Amino acid sequence: MQEKEEDYTIRFMQGLINLLKKIFTKTFFIIFIVVCALLLFFYWGWFEKQFNKVAGIYYVYKGDKAYHKAKLQLAIDNYNKGLGLYPEHYEAHYNLANIYVVYEDYYAAADEYQKAIEYITSNVKNPHFYLFSDDIEWVIKNLKINFPYTIVDINSTQTGFFDLELMKNCQHHIIAN
C-alpha cells in the first residue's frame, strides 16, 4: 500500500510540474506578446525610424555596389532611395556628389557635399575642416563652411601623397572622387 501511495505521489508531482511548465510557458509567452504589442503601440515612431534606417542602409549598400561597377544611374537611383528613407547617411551624400562630378553637374555635387558638411557639423562637437583641393577657390565659393577650416595647399602634384598622410589623421572624411 505504501508503494502505491509513493507511486501516486510521484505521478501527482510529475503531473503538477508538467502542468506548471505549461501554464508558465503559456503565461510568459502571452506576457511577452502583450509587452511587444504595447511597445509597438507606444513607440511606433521609434520602430518605424529603425526600419527606415535599415532599409536606407540597404539601398545605400546597393548604390555602393552599382557605383563600384560604374553603373552610375543605378547608383544614383539607389542612393536617392536610401537617402529618402535615411537622410542622415552622409556617406551616401558625398558618393552621390562624386557621381554628379563625373556627370559634370557641379551644382548638384555642391548641394550633396553641403548636405554631408551639414551632417558633420550637426553631429560632431566643434568640428574643424581641413580642405584639400586642386581648386580651392571653387571649394570656398561653392561650399558654405561656417566652422573653422584650414586650407591645406603645401604639397605640389609631385608630393601630393603627403596629403593622403595628412588626411588619414582626420576623424571624418568628405572626399570627392
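Here the structure is a predicted model, which is why all the values come from computation and not from measurement.

**A few points about the pairing of strand 1 (residues 129-132)**
Thought 1: Burial of strand 1 is one-sided: the residues Phe 129 and Leu 131 facing one way are buried, the residues Tyr 130 and Phe 132 facing the other way are not.
Thought 2: Bridge count for strand 1 against strand 2 (residues 149-152) is four bridges, and the pairing is parallel. Bridge pairing links Tyr 130 to Thr 150 in strand 2.
Thought 3: Since strand 1 and strand 2 lie parallel, the crossover through helix 6 (residues 136-142) that links them has a hand, and here it is right-handed.

**Things to note about helix 4 (residues 90-102)**
Thought 1: Its 13 residues give helix 4 an end-to-end C-alpha distance of 19 Å, which sits within 8% of 18 Å, the value for a rise of 1.5 Å per residue.
Thought 2: Counting buried positions over the 13 residues of helix 4 gives 11, a clear majority of the element.
Thought 3: Among the residues making up helix 4, those that are buried are Tyr 90, Ala 92, His 93, Tyr 94, Asn 95, Leu 96, Ala 97, Asn 98, Ile 99, Tyr 100 and Val 101.
Thought 4: On its buried side, helix 4 packs onto helix 2 (44-68), helix 3 (72-85) and helix 5 (106-123).
Thought 5: Positive backbone phi, approximately 60°, marks Glu 104, located one or two places after helix 4.

**What to know about the side chain of His 89**
Thought 1: Examined against the element boundaries, His 89 turns out to sit in the loop between helix 3 and helix 4.
Thought 2: Taking relative accessible area as the criterion, His 89 reaches 14% and is therefore assigned buried.
Thought 3: Among all residues touching His 89, those that are not within four sequence positions of it are Ile 57, Val 60 and Leu 83.

**Structural notes on unusual backbone geometry**
Thought 1: Although it is not a glycine, Ala 70 adopts a positive phi angle of roughly 65°.
Thought 2: Mapping Ala 70 onto the fold places it in the loop between helix 2 and helix 3.
Thought 3: Here Glu 104, not a glycine, exhibits a phi torsion of approximately 60°, which is positive.
Thought 4: If you trace the backbone, Glu 104 turns up in the loop between helix 4 and helix 5.

Conventions used here
Residues numbered from 1 in each chain as written. Predicted model: local features only at pLDDT ≥ 70, side-chain atom pairs only at ≥ 80, totals over all residues. Heavy atoms only, no water. Buried < 20%, exposed > 50% of the residue type's maximum accessible area, 1.4 Å probe, protein only. Helix = DSSP H or I, 4+ residues; strand = E, 2+ residues; numbered from the N terminus. Pairing = 2+ DSSP bridges. Right-handed = clockwise from strand over helix to strand, strands pointing away. Expected span 1.5 Å × (residues − 1). Contact = heavy atoms within 4.5 Å.

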